[in-house]
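Commentary on secondary and tertiary structure
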Amino acid sequence: ETGVTQSPTHLIKTRGQQVTLRCSSQSGHNTVSWYQQALGQGPQFIFQYYREEENGRGNFPPRFSGLQFPNYSSELNVNALELDDSALYLCASSWGRTGELFFGEGSRLTVL
Amino acid sequence: EDQVTQSPEALRLQEGESSSLNCSYTVSGLRGLFWYRQDPGKGPEFLFTLYSAGEEKEKERLKATLTKKESFLHITAPKPEDSATYLCAVQASGLTQGGSEKLVFGKGTKLTVNP
């Protein structure tokens, strides 16, 4: 059974640039959620995808967008990067809308 | 106002010294309370789900309990490998956004167990 994998693991961008983060969900899971975790904080919900449709969104601006593909993998796109976007971005997969999430190891984004 | 509050922020124990971590919540329509463990530089790892007051779950040296307003994670005779940040999260009907019942996490308790 393959777990949740995320890429890239680390990246550095400058303000105003755009970034795409990728996530492969665990085998058999049809739901992907994205969370942002700032240093010393708990993860914050960005959005969730279920069967390729956005299924709920947290308090993040529209420059945060995403996709889910037929194989249930997912992308998180962030446009017009700001310094405050520096964080660990976590992808989690699950079967349905359960709170029992399986997280990847995250993508550490630094915005300079 | 924080909907999920964890205390203490940090806890340092000697190996074998039992203690408890607290998670209090103020949401309505609780669907579930979840405990996760997070090692440095890693994603959270699911530990327990609790659904109703009075429920208890155990796994090795960890035991989670739930009341109507808070949950405790009891650690019995901890070992250095139990050192991690423990995160509490709630899922509630009052937190529904779109079709999803998102998890709201606390800031975590950083546990250090010294040998």
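Residues numbered from 1 in each chain as written. Chains lettered and ligands numbered in written order. Predicted model: local features only at pLDDT ≥ 70, side-chain atom pairs only at ≥ 80, totals over all residues. Heavy atoms only, no water.

Looking now at the pairing of strand β11 (residues 107-111) of chain A. Side-chain direction in a regular strand flips from residue to residue, so the side chains alternate between the two faces of the sheet. All names here are of chain A. Residues S107, L109 and V111 point to one face of β11 and are all buried, whereas R108 and T110, pointing to the other face, are not buried. Pairing of strand β2 (residues 10-13) with β11 involves four bridges; the strand directions are parallel. Each bridged residue has a counterpart across the sheet, and for I12 the counterpart in β11 is T110. Relative to β11, strand β9 (residues 87-94) runs antiparallel, the two being bridged by three bridges. Bridge pairing in β11 links A87 to L109. (Buried < 20%, exposed > 50% of the residue type's maximum accessible area, 1.4 Å probe, protein only. Helix = DSSP H or I, 4+ residues; strand = E, 2+ residues; numbered from the N terminus. Pairing = 2+ DSSP bridges.)

Right, let's get into the nonpolar core. Grouped together as the largest cluster of nonpolar side chains are 25 residues, with contacts concentrated most on B:L33, B:W35, B:L73 and B:Y86. Of all the secondary-structure elements, those providing two or more residues to this core are β2 (10-14), β3 (19-25), β4 (30-38), β5 (45-50), β7 (62-66), β8 (70-75), β9 (84-97) and β11 (109-114) of chain B. Counting residues per element, this core draws most heavily on β9(B), at five residues. Judged by nonpolar contacts, the second largest core, of 20 residues, contains A:V4, A:L11, A:C91 and A:L109. (Core = buried A, V, L, I, M, F, W, Y, C linked by side-chain atoms within 4.5 Å.)

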